[in-house]
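Descriptive analysis of the structure
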Amino acid sequence: MAKLSFLDSLTPEQEAYAVKIGERAKAMGIPPAFAISVAYQESRLNPATADSQKGAVGGMQVMPKTGKGMGFDEKSLRDPDKNIDA
């Protein structure tokens, strides 16, 4: 995985979430460093982050309308694994 400048400052919880995101990204053919960077920017790698002011949900901050187009309802987007998949 590419060296990301913020990796050395993560808590164990953030690191575990980053590993999970990286594994899912790799399985989907997405560069893991890219997916982890998105989650870091959007939620600081916190799967339980508050919804954004615009309504984005979860650690990857997926908009419900976008999730719906991928087959995920808003409730399922609150599941960290499904949020990563979306």
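Relevant structure appears above.
Residues numbered from 1 in each chain as written. Predicted model: local features only at pLDDT ≥ 70, side-chain atom pairs only at ≥ 80, totals over all residues. Heavy atoms only, no water.

With respect to unusual backbone geometry
What is expected of a backbone is that most residues other than glycine have negative phi and most peptide bonds are trans. In this model, Leu45 sits at a positive phi of 60°, which is unusual for a non-glycine residue. Under the relative-accessibility criterion, Leu45 is labelled buried at 2%. Phi at Gln61 takes a positive value of approximately 55°, unusual for a residue other than glycine. (Buried < 20%, exposed > 50% of the residue type's maximum accessible area, 1.4 Å probe, protein only.)

Brief notes about the pattern of salt bridges
If charged atoms from side chains of opposite charge come close, those side chains can pair. For the structure shown, the criterion picks out five salt bridges. The shortest N-O distance in the salt bridge between Asp8 and Lys3 comes to 3.1 Å. There is no split in this pair, since Asp8 and Lys3 are both exposed. Notably, a salt bridge pairs Lys20 with Asp81, separated by 3.0 Å at the nearest N-O pair. Of this pair, Lys20 sits in helix 1 (residues 12–28) while Asp81 sits in helix 5 (residues 80–85), placing them 61 residues apart in sequence. A residue is classified by how much of its surface remains accessible, and Asp81, at 39% relative accessible area, is partly exposed. One salt-bridge network, held together by shared partners, links Asp51, Glu74 and Arg78. (Salt bridge = Lys/Arg side-chain N within 4 Å of Asp/Glu carboxyl O. Helix = DSSP H or I, 4+ residues; strand = E, 2+ residues; numbered from the N terminus.)

Notes on the layout of surface pockets
One water molecule sets the probe size; rolling that probe over the atoms shows where empty space is left. By volume, the largest pocket is sized at about 190 Å³. Ile30, Ala35, Met60, Ile84 and Ala86 are the residues nearest the centre of the largest pocket, which is lined by 14 residues in total. Elements that contribute at least two residues to the lining of the largest pocket include exactly helix 1, helix 2 (32–43) and helix 5. Per element, the largest residue contribution to the lining of the largest pocket is four residues, and it comes from helix 1. Each residue belonging to the lining of the largest pocket can be placed in one class, and the counts come to eleven nonpolar, one polar and two charged. (1 Å grid on protein atoms, 1.4 Å probe; cavity = no way out; pocket = protein on both sides within 12 Å on 5 of 7 lines; lining within 4 Å. Points joined across faces, edges and corners; volume = space filled by probe spheres on them. Nonpolar A, V, L, I, M, F, W, Y, C, P; charged D, E, K, R; others polar.)

A closer look at the nonpolar core
Among the nonpolar cores identified, the biggest contains 19 residues, and Phe6, Leu10, Ile21, Ile36 and Leu45 are the most heavily contacted of them. The set of elements that each furnish at least two residues to this core consists of helix 1 and helix 2. Per-element tally for this core: the top contributor is helix 2, with five residues. Contacts of Leu10, omitting those with residues within four sequence positions, involve Glu15, Ala18, Tyr40 and Leu45. (Core = buried A, V, L, I, M, F, W, Y, C linked by side-chain atoms within 4.5 Å. Contact = heavy atoms within 4.5 Å.)

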